[in-house]
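Take a look at the letters that make up each chain.
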Amino acid sequence: MTGTRIAALGHHRPARVLTNEDLARMVDTSDEWITSRVGIRTRHIAGPDEPVDELAAHAAGKALAAAGLTPADIDLVLVATSTAIDRSPNTAARVAARLGMASPAVMDLNVVCAGFTHALATADHAIRAGSALRALVIGADKMSAVADWTDRTTCVLVGDGAGAAVVEACDEREAGIGPVLWGSVPEMGHAVRIEGTPPRFAQEGQSVYRWATTQLPPIARRVCERASVAPEDLAAVVLHQANLRIIEPVAERIGAVNAVVARDVVESGNTSAASIPMALSRLAERGDIPSGAPALLFGFGGNLSYAGQVVRCP
């Protein structure tokens with residue numbers, strides 16, 4: 001039987017860094033107010049000439065190089081994003097063009113903050129079904145483009161970036177991507193929104209906090225059960241990097257007592273679909289997760305959607 005694994009990772013953050021002190025000169029806020037409420041100290045902000053597909057292509061190129069592959073080796077490109085301006089060509093097609101690919105299948109997925117884990121599961125399913133051999137799975141968002149820079153409760157959260165994974169077929173005995181558990185709470189979709197013309201990011205922060213900290217830990221433990229991995233055996237927990245006040249209690253309630261918990265939000269802010277692959281890539285780059293070690297990936301947020309799986313670190 002065919003299994004799948006993550007062969008390599010890559011990430012990209014724009015050069016411009018926006019600090020809490022910078023934000024204090026823009027809106028009524030302070031470093032103390034931001035760090036005490038969301039734990040963020042800096043975030044990276046793309047310029048007007050850096051579209052989402054450019055961020056995605058940079059991360060994808062690094063993942064390909066790390067895997068020792070060329071663009072011609074990829075037959076499926078999946079991009080999770082909710083901040084692309086244009087509807088067609090989609091972001092995946094533009095990434096394929098930037099990388100000089102020949103004829104891959106190209107699809108965008110919009111599941112907002114849970115987009116990458118949904119896209120990873122979709123690639124896993126496609127490869128297991130024989131529809132693809134190797135896939136580029138990318139999470140990329142330019143949240144600064146949809147931020148309301150006059151709203152101190154939301155503009156302090158957002159950052160821009162991209163993360164990518166090369167996913168390939170392997171023997172089932174060497175499979176490194178566990179079964180996905182996914183779902184949503186449709187009646188609470190209003191709690192996190194990117195709406196209007198021009199589109200703007202807004203959320204009901206307390207509702208999201210209560211939902212995430214109470215409802216998600218048991219779901220995340222069920223993800224571990226599906227992968228036959230006990231929470232205490234996890235080497236890493238990589239949650240959507242929404243807010244440090246959500247990440248830390250959720251990770252604790254999962255019971256992953258021996259795991260490294262990704263806290264990339266402190267330096268990168270909330271980058272929506274980019275947050276999980278970027279955080280995972282940075283942990284792997286630093287050597288914080290041994291090759292082959294199990295890591296829980298768990299995305300949640302927009303639409304009040306969630307998706308998670310246990311993967312083996314490349």
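Please refer to the structure higher up on the page.
Residues numbered from 1 in each chain as written. Predicted model: local features only at pLDDT ≥ 70, side-chain atom pairs only at ≥ 80, totals over all residues. Heavy atoms only, no water.

### Topic: the overall build of the protein chain
Each helix and strand counted, the protein chain has 9 helices and 14 strands in total. With the principal axes as the frame, the protein chain shows a C-alpha extent of 55 × 45 × 40 Å. By residue count, 57% of the 314 residues in the protein chain fall in the buried class. A total of about 12500 Å² of accessible surface is found on the protein chain, and carbon and sulfur atoms cover 48% of it. If you average the places of the 28 positive and of the 34 negative side-chain charges in the protein chain, the two averages end up 2 Å apart. (Helix = DSSP H or I, 4+ residues; strand = E, 2+ residues; numbered from the N terminus. Buried < 20%, exposed > 50% of the residue type's maximum accessible area, 1.4 Å probe, protein only. Areas by Shrake-Rupley, 256 points an atom, 1.4 Å probe, with all protein chains shown as cover. Lys, Arg positive; Asp, Glu negative; His and termini not counted. Charge placed at Lys NZ, Arg CZ, Asp CG, Glu CD.)

### Focus on the state of the cysteines
Throughout the structure, instances matching the rule amount to 0 disulfides. You can see Cys-113 has no disulfide; the closest cysteine sulfur is in Cys-155, sitting 17 Å from it. Judged by relative accessible area, Cys-113 falls into the buried class, the value being 10%. With no disulfide of its own, Cys-170 lies 15 Å from the sulfur of Cys-313, the closest cysteine sulfur. The class for Cys-170 is buried, based on a relative accessible area of 12%. (Disulfide = S-S within 2.5 Å.)

### Remarks on the nonpolar core
Counting 49 residues, the largest nonpolar core has Leu-234, Val-237, Leu-239, Leu-296, Phe-298 and Phe-300 as its most contacted members. In terms of residues, this core owes the most to one element, helix α6 (residues 205-226), which gives 8 residues. Grouped together as the second largest cluster of nonpolar side chains are 33 residues, Leu-76, Ala-132, Ile-276 and Leu-280 included. (Core = buried A, V, L, I, M, F, W, Y, C linked by side-chain atoms within 4.5 Å.)

### Some words on the packing of α6 against helix α7 (residues 244-254)
Orientation of α6 relative to α7, taken along the N-to-C sense of each, is 30°, at an axis distance of 9 Å. Here α6 lies roughly parallel to α7, going by the angle between them. You can see that α6 and α7 cross each other, and the crossing is right-handed. Each of Val-208, Tyr-209, Ala-212, Thr-213, Thr-214, Pro-217, Ala-220 and Arg-221 in α6 lies in contact with α7, whose residues at this interface are Arg-245, Ile-246, Pro-249, Val-250, Arg-253 and Ile-254. Grouping the constituent residues of the contact of α6 with α7 by class yields 9 nonpolar, 2 polar and 3 charged. (Axes fitted to C-alpha atoms, helices over the stretch in contact; angles between N-to-C directions. Parallel < 35°, antiparallel > 145°, perpendicular 65-115°, else oblique. Left-handed = near helix turned anticlockwise from the far one by under 90°. Contact = heavy atoms within 4.5 Å. Nonpolar A, V, L, I, M, F, W, Y, C, P; charged D, E, K, R; others polar.)

### With respect to the pattern of salt bridges
Scanning the model with the defined rule gives 17 salt bridges in all. We note a salt bridge from Glu-267 to Arg-13, for which the minimum N-O separation is 4.0 Å. Remark: Arg-13 occurs in the loop between β1 (2-12) and β2 (17-19) and Glu-267 occurs in helix α8 (residues 265-268); sequence separation between them is 254 residues. Given the relative accessible area of 39%, Glu-267 is considered partly exposed. Judged by relative accessible area, Arg-13 falls into the partly exposed class, the value being 21%. Asp-288 is paired through a salt bridge with Arg-286; the nearest N and O atoms lie 3.0 Å apart. Its relative accessible area of 32% is what places Asp-288 among the partly exposed residues. (Salt bridge = Lys/Arg side-chain N within 4 Å of Asp/Glu carboxyl O.)

### A look at α7
Listed in full, the buried residues belonging to α7 are Leu-244, Ile-246, Ile-247, Pro-249, Val-250, Ala-251 and Ile-254. Structurally, the start of α7 carries an N-cap: the backbone nitrogen of Arg-245 is 2.7 Å from a side-chain oxygen of Asn-243. (Polar contact = N/O pair within 3.5 Å; in protein donor to acceptor, adjacent residues only side chain to side chain.)

### With respect to the sheet that holds strand β8 (residues 181-184)
The 5 strands are arranged β8-β14-β13-β11-β12 in an open sheet whose pairing can be described as mixed. Where the open sheet ends on each side, the last strands, each with one partner, are β8 and β12 (260-261). Relative to the sheet, α6 contacts β8, β13 (294-300) and β14 (305-312), its axis offset from that of β13 by approximately 140°. (Pairing = 2+ DSSP bridges.)

### With respect to the pairing of strand β7 (residues 160-171)
Residues in a regular strand project their side chains so that they alternate between the two faces of the sheet. Burial runs high along β7: 10 of the 12 residues are buried. Where β1 lies against β7, 10 bridges are found, and the strand directions are antiparallel. Bridge pairing in β7 places Thr-2 opposite Asp-171. Note that strand β6 (residues 134-142) and β7 share 9 bridges and pair antiparallel.

### Here's the deal with the packing of helix α3 (residues 52-67) against helix α4 (residues 91-99)
Where α3 meets α4, the closest approach of the two axes is 9 Å, and the angle between their N-to-C directions is 55°. Between α3 and α4, the interaxial angle falls into the category oblique. As for the relative orientation of α3 and α4, their crossing is right-handed in sense. Side by side, α3 and α4 meet where Val-52, Asp-53, Glu-54, Ala-56, Ala-57, Ala-60, Gly-61 and Leu-64 of the first sit next to Thr-91, Arg-94, Val-95, Arg-98 and Leu-99 of the second. Considered class by class, the residues forming the contact of α3 with α4 number 7 nonpolar, 2 polar and 4 charged.

Shape is all these values report; function is a separate question.
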